Amino acid sequence: MTKKLILVLLIIFTSLFTGCTVTRMLSEKGRSVNTALDYYSSKSYTASMLLLLDTLDQNPDYKDAYENLNEKFPKVVAMKSENIARLTNSDSKTKYEELAKEYDCLYQINKRAESLTNAAKSKIKFEVLSTIPLKEKMAENYYIAGSNYAHLNGRDNKKTAAKMFSAIVKWYPEYKDSKLQYDTLREEAMQRVMFSPIKSNVRRGVDISALIYGNVNSYVVNSKDLTEFTQIIAREQVDTLLSEQKLALEGVVDPATVAKIGKTLGANIVVDIEIPVVSYTEEEPTRSQSERTWEETTGSETYKDSQTGLTKVRETKRKRYYTEISYSKQNKVIISINYSIKDIATSQVLKTDRFNQEADDSAYWTVYRGDYPTKVRSSSEPTLASESELLTKCSDMVSKRLASSIIEYFK
């Protein structure tokens, strides 16, 4: 069998068995269907159905969208209905929360199906469920689940309860007093975080403590990753209170004093930061030397070619010697950071970490000595970043890393 024939057969085989997949990979709507099928495989049924419905709505004649939707939408509805029947007769502690999520899925996908354009609706072969009773059942079960969590002690339980009522407010804000319940429980679950002024005995030209304190506050406050249950006490509020009470830095870092300030400002979490070490090194240039040679053209001469007997002209050259001297140097700053996150009421340490951050500036240059070629040029010693510039750069790097670690905890 020739290679050409094998290639033709391979193309035909691929087209028959993978044509749809390949087509989907090559278009935006195809990629959307592939993503929806991936969601379905990972049991993210709500996301899967919503994406298929959106794709069909935008591309009513796209066969892959409506065929997959017609096959899988009824399966999801049947699966969720079976789960609801099972949960209704169960004694699970999370019964109402799980029921609410099942109704939530059914409500969202049927609501989206209701809103399809007429062209898209003409392609679906399944019955769309009425969303009014689904919404009522979803809200009812979220309400019961939220009320159950609300009666339990602890911030985590209040937070979970608030999330239950938040789910109602998203789709059915007028349901009973869900909005009031959410606001109340969110307030009870709120983590109010205060940054204690940084403890450091390091004294340099740049006020590193002030830089890091300001930067970390700013990065955390402006982060989009903080949840609705975390509030950062404004730096200005802390500074104002310290100024009014005329507290020195040594008093601020005392645990009893920090707790007092935090309670006054309504904080229940404090972040303590310490800078135990800041080092700066300015290296002496290192030097390496090597000997080089090159050939210089000095003129030309005639000669008789031994093979042809013809007279020819060739260049005359002589060897030249020179020295190549390479230099390198580096200025470096290292800032060490310790930090902890504590519960003000209990003094419990919730998280602690430490790390070092480096910032440096390096330079390389070369000097030539002797009979070096005219195309070779010596370079002069460049100016490196100063100590204050590196301290500022390293402080910003530390701030971002520290803020990221703190944000990750509160997410």
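Within each chain, residues carry numbers counting from 1 in the order of the written sequence. Whole-chain, interface and lining totals are the exception, using all residues; otherwise, since this is a predicted model, local features are given only for residues with pLDDT of at least 70 and side-chain atom pairs are given and counted only at 80 or more. Here the side-chain values reflect all heavy atoms present in the structure, with hydrogen atoms and water set aside.

Secondary structure summary: the protein contains 14 helices and eight strands in total. Taken along its principal axes, the extent of the C-alpha atoms in the protein is 105 × 90 × 35 Å. Type-normalised accessible area, obtained with a 1.4 Å probe on protein chains alone, sets the label of each residue: buried when under 20%, exposed when over 50%, and partly exposed for intermediate values. Buried positions account for 41% of the 411 residues belonging to the protein. In what follows, a contact means two residues having at least one pair of non-hydrogen atoms within 4.5 Å. If you take every contact in the protein between residues at least 6 apart in sequence, the share linking residues at least 24 apart comes to 70%. On the protein, roughly 24000 Å² of surface is accessible, and the fraction owed to carbon and sulfur atoms is 49%. Numbering of helices and strands starts at the N terminus; helices are DSSP runs of H or I of at least 4 residues and strands are runs of E of at least 2. Throughout, the Shrake-Rupley method with a 1.4 Å probe supplies accessible areas, and for residues the shown protein chains are the sole cover considered.

Before going further, it helps to examine the nonpolar core. Only buried residues count toward a nonpolar core. Its members are Ala, Val, Leu, Ile, Met, Phe, Trp, Tyr and Cys residues joined through side-chain atoms within 4.5 Å. One finds Met49, Leu69, Phe73 and Ile168 to be the most contacted residues of the largest nonpolar core, which totals 50 residues. Sorting the residues of this core by element identifies α2 (28–41), α3 (45–58), α4 (63–88), α5 (95–114), α7 (131–150), α8 (155–171) and α9 (178–189) as the ones contributing at least two each. Residue contacts for Met49: discarding those within four places in its chain leaves Tyr40, Leu69, Lys72, Phe73, Val76 and Ile109. In terms of nonpolar packing, the next biggest core, distinct from the first, is built from 46 residues, Val220, Val238, Tyr339 and Leu402 among them.

Definition used for salt bridges: Asp or Glu carboxyl oxygen within 4 Å of a side-chain nitrogen of Lys or Arg. Taken as a whole, this structure holds 23 salt bridges when the rule is applied. With its nearest N and O atoms 2.6 Å apart, the salt bridge here joins Glu381 to Lys329. With Glu381 in the loop between β8 (349–370) and α14 (387–410) and Lys329 in strand β7 (residues 311–343), the pair connects residues that are 52 residues apart, well separated along the chain. We classify Lys329 as buried; its relative accessible area is 15%. The network of salt bridges with shared partners includes Glu296, Arg318, Arg320 and Asp371.

Only the stretch in contact is used when a helix axis is fitted, and all axes are lines through C-alpha atoms; the angle between N-to-C directions ranges over 0 to 180 degrees. With their axes 11 Å apart at the nearest point, α2 and α4 run at an angle of 20° to one another. Classed by the angle they form, the pair α2 and α4 counts as roughly parallel. Crossing angle aside, the handedness with which α2 passes α4 is left-handed. Residues Val33, Leu37 and Tyr40 of α2 form the contact with α4, whose own contacting residues are Asp64, Ala65, Asn68, Lys72, Lys75 and Val76. Just so you know the grouping, Ala, Val, Leu, Ile, Met, Phe, Trp, Tyr, Cys and Pro go in nonpolar, Asp, Glu, Lys and Arg go in charged, and all remaining residues, Gly too, go in polar. Residue composition of the contact of α2 with α4, by class: five nonpolar, one polar and three charged. These descriptions rest on fixed angle ranges, namely under 35 degrees for roughly parallel, over 145 for roughly antiparallel, 65 to 115 for roughly perpendicular, and the rest for oblique. Two helices cross in a left-handed way if the nearer one is turned anticlockwise from the farther one by less than a right angle. They cross in a right-handed way if the turn is clockwise.

Let us now look at the packing of aromatic side chains. Pairing of aromatic rings covers Phe, Tyr and Trp, the last through its six-membered ring, and needs centres within 6.5 Å; plane angles under 30 degrees mean stacked, over 60 mean edge-to-face, and all others mean tilted. Applying the stated rule across the entire model yields ten aromatic pairs. Taking 5.3 Å as the distance between ring centres and 75° as the angle between the ring planes, the aromatic pair formed by Tyr40 and Tyr45 counts as edge-to-face. Taking the relative accessible area as the measure of exposure, Tyr45 reaches 12% and is therefore buried. Each ring, one from Tyr143 and one from Phe165, has its centre 5.2 Å from the other, and the planes form 90°; the classification is edge-to-face. Here Tyr143, found in helix α7, pairs with Phe165, found in helix α8; they are 22 residues apart in sequence, far enough to count as distant. As far as the burial class goes, Tyr143 and Phe165 line up, both buried.

Here we take up the environment of Ala403. For Ala403, the position within the fold is in helix α14. On the basis of relative accessible area, Ala403 is assigned to the buried category, the value being 2%. Leaving out residues up to four positions away in the same chain, Ala403 has contacts with Val216, Tyr219 and Val220.

Before going further, it helps to spend a moment on the environment of Thr392. Relative to the assigned elements, Thr392 resides in helix α14. Sequence spacing of Thr392 and Ala359 is 33 residues, and the spatial spacing of their C-alpha atoms is 9.4 Å.

Structurally, Ile168 is set in helix α8. On a C-alpha basis, the gap between Ile168 and Glu389 in space is 52 Å, while along the polypeptide they are 221 residues apart. In this structure Ile168 touches Ala139, Tyr142, Tyr143, Pro173, Tyr175 and Ser178, once residues within four positions along its chain are discounted.

Pairing analysis gives 18 bridges linking strand β6 (residues 286–304) to β7, with the strands arranged antiparallel. Opposite Tyr303, over in β7, you have Lys312 as the bridge partner. At least two bridges found by DSSP between two strands are what make those strands a pair. Where β6 folds back onto β7 in an antiparallel hairpin, the turn is made up of six residues, including Gly309, whose phi is positive at roughly 80°.

Here we take up α2. Between the first and last C-alpha of α2 there are 20 Å, a value that for 14 residues agrees with the 20 Å anticipated at 1.5 Å per step. The first or second residue beyond α2 is Lys43, which carries a positive phi of 70°. What a helix is expected to span follows from its residue count: subtract one and scale by 1.5 Å.

What follows is about the packing of α8 against α9. A pair of packed helices can be characterised by two numbers: the angle between their axes and the separation between those axes. Put simply, α8 and α9 touch, their axes get as near as 8 Å, and they point 150° apart. Put simply, α8 runs roughly antiparallel to α9. Here α8 runs over α9; the crossing is left-handed. From α8, Arg155, Lys158, Lys159, Ala161, Ala162, Phe165, Ser166, Ile168 and Val169 reach across to α9, where they touch Ser178, Lys179, Gln181, Tyr182, Leu185, Arg186, Glu188 and Ala189. The residue makeup of the contact of α8 with α9, split by class, is eight nonpolar, three polar and six charged.

Glancing now at unusual backbone geometry. Look at Lys176: it is not a glycine, yet its phi comes out positive at around 45°. Note on placement: Lys176 falls in the loop between α8 and α9.

In this section: the side chain of Thr230. Tracing the backbone through its elements, the reader meets Thr230 in strand β3 (residues 230–232). Dropping the residues within four chain positions of it, Thr230 is found in contact with Met190, Gln191, Val193 and Phe410.

The next thing to look at is the confidence of the model for the protein. Counting all residues, the mean pLDDT for the protein is 90, and 91% of those residues have values of 70 or more. How sure the predictor is of each residue is captured by pLDDT, a score from 0 to 100. Ignoring residues within four places in sequence, the model shows residues 11–19, a span with pLDDT below 50, making one contact including any to other chains.

Turning our eyes to something else, we now look at α8. Taking 1.5 Å per residue as the helical rise, α8 with its 17 residues ought to reach 24 Å, and the 25 Å between its terminal C-alpha atoms agrees with that figure. Contact partners of the buried residues in α8: α5, α7 and α9.

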